[in-house]
Every structure is written in structure tokens, then in C-alpha cells.
Amino acid sequence: SPSLRLSGCYTISGVNDGEALERTVAAMALTGVEADGVRVVLSVVATALTLCGAACAFVARADGEEGATLAGEEGRRWLRAAARLLGLVDGGGADGGGGL
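Definitions and cut-offs
Residues numbered from 1 in each chain as written. Predicted model: local features only at pLDDT ≥ 70, side-chain atom pairs only at ≥ 80, totals over all residues. Heavy atoms only, no water. Helix = DSSP H or I, 4+ residues; strand = E, 2+ residues; numbered from the N terminus. Buried < 20%, exposed > 50% of the residue type's maximum accessible area, 1.4 Å probe, protein only. Contact = heavy atoms within 4.5 Å. Areas by Shrake-Rupley, 256 points an atom, 1.4 Å probe, with all protein chains shown as cover. Expected span 1.5 Å × (residues − 1). Polar contact = N/O pair within 3.5 Å; in protein donor to acceptor, adjacent residues only side chain to side chain. pLDDT = per-residue confidence, 0-100. Salt bridge = Lys/Arg side-chain N within 4 Å of Asp/Glu carboxyl O. Patch = residues over 30% accessible without salt bridge, like charges linked within 9 Å, V, L, I, M, F, W, Y side chains within 5 Å.

**A closer look at the overall build of the protein chain**
Item 1. Assigned secondary structure in the protein chain consists of four helices and zero strands.
Item 2. Along the chain direction, N to C, the helices and strands of the protein chain fall in the order α-α-α-α.
Item 3. Evaluated residue by residue, the protein chain yields a buried proportion of 19% over its 100 residues.
Item 4. Taking all contacts inside the protein chain whose residues are at least 6 apart in sequence as the whole, residues at least 24 apart take part in 39%.
Item 5. Of the roughly 7000 Å² of accessible surface on the protein chain, 60% is carried by carbon and sulfur atoms.

**Re helix 2 (residues 17-30)**
Item 1. With 14 residues, helix 2 extends 20 Å between its outermost C-alpha atoms, agreeing within 8% with the 20 Å of an ideal straight helix rising 1.5 Å per residue.
Item 2. Sitting at the amino-terminal end of helix 2 is N16, which places a side-chain oxygen 3.0 Å from the backbone nitrogen of G18.
Item 3. Taken from the residues just after helix 2, G32 is the one with a positive phi, measuring 100°.

**Some points on the environment of S43**
Item 1. By secondary structure assignment, the location of S43 is in helix 3 (residues 35-62).
Item 2. Relative accessible area serves as the criterion here: at 24%, S43 is assigned to the partly exposed category.
Item 3. When the C-alpha atoms of S43 and L86 are compared, they prove to be 6.0 Å apart, with 43 residues separating the residues in sequence.

**Some remarks on the side chain of T47**
Item 1. With respect to the element layout, T47 can be found in helix 3.
Item 2. Apart from residues no more than four positions distant in its own chain, T47 is found in contact with A82, L85 and L86.

**Considering the confidence of the model for the protein chain**
Item 1. The pLDDT averaged across the protein chain works out to 76; a share of 62% of its residues lies at or above 70.
Item 2. Counting contacts from residues 93-98, a segment whose pLDDT is below 50, to residues more than four positions away or on other chains yields ten contacts.

**Side note on the environment of T24**
Item 1. Counting through the fold element by element, T24 comes out in helix 2.
Item 2. Measuring from C-alpha to C-alpha, the distance between T24 and V38 comes to 9.6 Å, with 14 residues separating the pair along the chain.

**As for the pattern of salt bridges**
Item 1. Applying the stated criterion across every chain yields a total of one salt bridge.
Item 2. Between D36 and R39 there is a salt bridge, and its shortest N-O distance comes to 2.2 Å. Separated by three residues within a single helix, D36 and R39 lie in helix 3, roughly one turn from each other.

**A word on a nonpolar patch on the surface**
Item 1. On the surface, a cluster of nonpolar side chains totalling about 410 Å² of accessible area is made up of L21, V41, L42, V45 and L49.
Item 2. Among the elements that make up the nonpolar patch, the one with the highest residue count is helix 3 (four residues).
Item 3. Here L42 lies in helix 3.
Item 4. For L42, a relative accessible area of 34% gives the class partly exposed.

Here's what the structure looks like:
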């Protein structure tokens, strides 16, 4: 992930991401969040992380230069990934779906 590369932080000592996710999902269920709600929340979080990746890729490309862009295929790739995570496109078609 570009955001991890920029931050230099890949792991946190003593933290098991899988176990943390399981505890979070269990806590959501205990508070009455149904499975569909959990999927929506996790999709929104994944989308935010994907868009953060796009922003970090933009920053890495800019590297102090004016007019950096994520246009073209790279920009479309990030947007398609975010749209798929939100369920806005099915990923079909020559352009990855949704005209992006």
C-alpha cells in the first residue's frame, strides 16, 4: 500500500490484525449490528483506505512537483477499486464497469 510505504509503518508490535477484526465484528454483533450492516461498515472502511492509497500515490508522484496527477489508467484503477468496494460497479466490462 502506498500509504504504508509513506508512513514506514507496516505492523504494530503485539497487534494481531485478524484477532482485532474478529473482536470488532463480534462487538458490532453484540450491539445489534446485523451481518449486512457489518459488511457495509467494512466496505466503507476499505473504500476509505483505498482512497487514502490513491492520495498517497498522488503525493508520492508529486514529490514537490507542481501539477502531479493520477489521470489515465492509474487514476481509473484507484476509482474502480473504490467503486467496487462500495458496490457501485460489478467490475464487468472492458473498462472495469461503470464507465470509470
